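Geometric and topological summary
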Amino acid sequence: METDAVLTLLKDVAAEVINPRFRALASAEISHKGPGDLVTVADREAEVLITDALERAYPDAVVLGEEATAADASVLERYGAAEHAFTVDPVDGTKNFVAGSPDHAVMVAELRGGDVVRSWIWQPQHEVAYVAERGAGAWRNGERLVRPPLRDAVRGVTSRRTWIGRALGTLQALDLTWVCCGVDYPQLVEGGADYALYAGTKPWDHAPGSLLLSETGGHVGTFGGAAYRPQEPEPRGLIAAADPATYDLVQGLVPSLPGVSSS
């Protein structure tokens, strides 16, 4: 599928099964996969539609969907060994979606040989699309993205609430992210924050944004200092930074956070 065709797929699926449920979900359309882990009928229906389209276009690729993986974890092994794979997050930021916040997204990433080569983030309520291609750049609604200069006081955000308000060294205390990787990574690219810390490292959350960030001069790596590879076993934590120097700075300070070792 051409890059624009995949984006059109995400837009069409959102228009069909996600947008009609926004601020209109019935209680029976919301359930829990685990403590604090919500899923809605929109998540499930959107994933089926996106997965079916990708599998028809690429029958030899492994498609790793968030909801399908929750039902059958064995797909992770097939995904990890695949030469060609996709990740699908049908409604990233489900808690926001359920709460009626427009900060949610539909995300897909394509991987070949372990590298993310294309990625798509569609924010249906904001009507903003972010697309990246490895080695070719990143775009917001068709306009090439260029990351603005870093602020004098480096701003960090985190989705782990026990870390909010804590400062790494002399850096500013950590703020809360937008609680949606499909919003967080674009914010890092566009200057809303300079780095983000994550304890949750699911590939469908981070693979799309990792390419968007790297194509605008940023870097995503583990707490231990390794570059992020979405098909490798999930690391204990990730740092998404606006540039490599910020990643290096933060990576050296992360062991001071509660629950993070220096290993």
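Above this text you will find the structure in question.
Residues numbered from 1 in each chain as written. Predicted model: local features only at pLDDT ≥ 70, side-chain atom pairs only at ≥ 80, totals over all residues. Heavy atoms only, no water.

**Overview of the sheet that holds strand β11 (residues 175-176)**
The sheet built from five strands is open, its strands ordered β11-β10-β12-β14-β13 with mixed pairing. Of all strands in the sheet, those bounded by a partner on one side alone are β11 and β13 (219-222). Note: strand β10 (residues 156-158) against β11, two bridges, orientation parallel. Bridge pairing in β11 places Thr-158 opposite Leu-176. Contacting β12 (195-198), β13 and β14 (238-241), helix α6 (residues 181-190) crosses the sheet at an angle of about 150 degrees to β12. (Pairing = 2+ DSSP bridges. Helix = DSSP H or I, 4+ residues; strand = E, 2+ residues; numbered from the N terminus. Contact = heavy atoms within 4.5 Å. Axes fitted to C-alpha atoms, helices over the stretch in contact; angles between N-to-C directions.)

**Overview of the pairing of strand β3 (residues 62-65)**
As a general feature of sheets, a regular strand has side chains that alternate between the two faces. By the alternation rule, side chains of β3 split into Val-62 and Leu-64 and Val-63 and Gly-65, which are all buried. Examined bridge by bridge, β3 and strand β4 (residues 84-92) share four bridges and lie parallel to one another. The residue of β4 that forms the bridge with Leu-64 is Thr-87. (Buried < 20%, exposed > 50% of the residue type's maximum accessible area, 1.4 Å probe, protein only.)

**Some thoughts on the packing of α6 against helix α7 (residues 203-214)**
Axes are the key here: two packed helices are described by the angle between their axes and the distance separating the axes. Where α6 meets α7, the axes come as close as 9 Å, and the angle between the chain directions of the two elements is 15 degrees. On the basis of the axis angle, α6 is roughly parallel to α7. Note that α6 runs across α7; the crossing there is right-handed. When α6 is examined against α7, the residues Cys-181, Tyr-185, Pro-186, Leu-188 and Val-189 are found in contact with a partner set consisting of Asp-205, His-206, Gly-209, Ser-210, Leu-212 and Leu-213. Tallied by class, residues from the contact of α6 with α7 come to seven nonpolar, three polar and one charged. (Parallel < 35°, antiparallel > 145°, perpendicular 65-115°, else oblique. Left-handed = near helix turned anticlockwise from the far one by under 90°. Nonpolar A, V, L, I, M, F, W, Y, C, P; charged D, E, K, R; others polar.)

**Quick look at the side chain of Gln-123**
Take Gln-123: it is sitting in strand β6 (residues 115-123). Residue classification places Gln-123 among the buried residues on the basis of a relative accessible area of 5%. When sequence neighbours within four positions are dropped, the list of residues in contact with Gln-123 reads His-104, Ala-105, Val-128, Tyr-130, Gly-182, Val-183 and Pro-186.

**Concerning α7**
Count 3.6 residues to each turn of an α-helix, and residues three or four apart come out pointing the same way. With 12 residues, α7 extends 16 Å from end C-alpha to end C-alpha; this agrees with the ideal 16 Å at 1.5 Å per step. Counting buried positions over the 12 residues of α7 gives 11, a clear majority of the element. Of the positions making up α7, those classed as buried are Pro-203, Trp-204, Asp-205, His-206, Ala-207, Pro-208, Gly-209, Ser-210, Leu-211, Leu-212 and Leu-213. (Expected span 1.5 Å × (residues − 1).)

**Here's the deal with the pattern of salt bridges**
Close approach of charged atoms allows side chains of opposite charge to pair. The tally for this structure, following the rule as stated, stands at 12 salt bridges. Lys-33 is the partner of Asp-37 in a salt bridge, and the nearest nitrogen-oxygen pair spans 4.0 Å. Accessibility expressed as a relative area gives 32% for Asp-37, which makes it partly exposed. The salt bridge partner of Lys-33 is Glu-66, with a shortest N-O separation of 3.2 Å. (Salt bridge = Lys/Arg side-chain N within 4 Å of Asp/Glu carboxyl O.)

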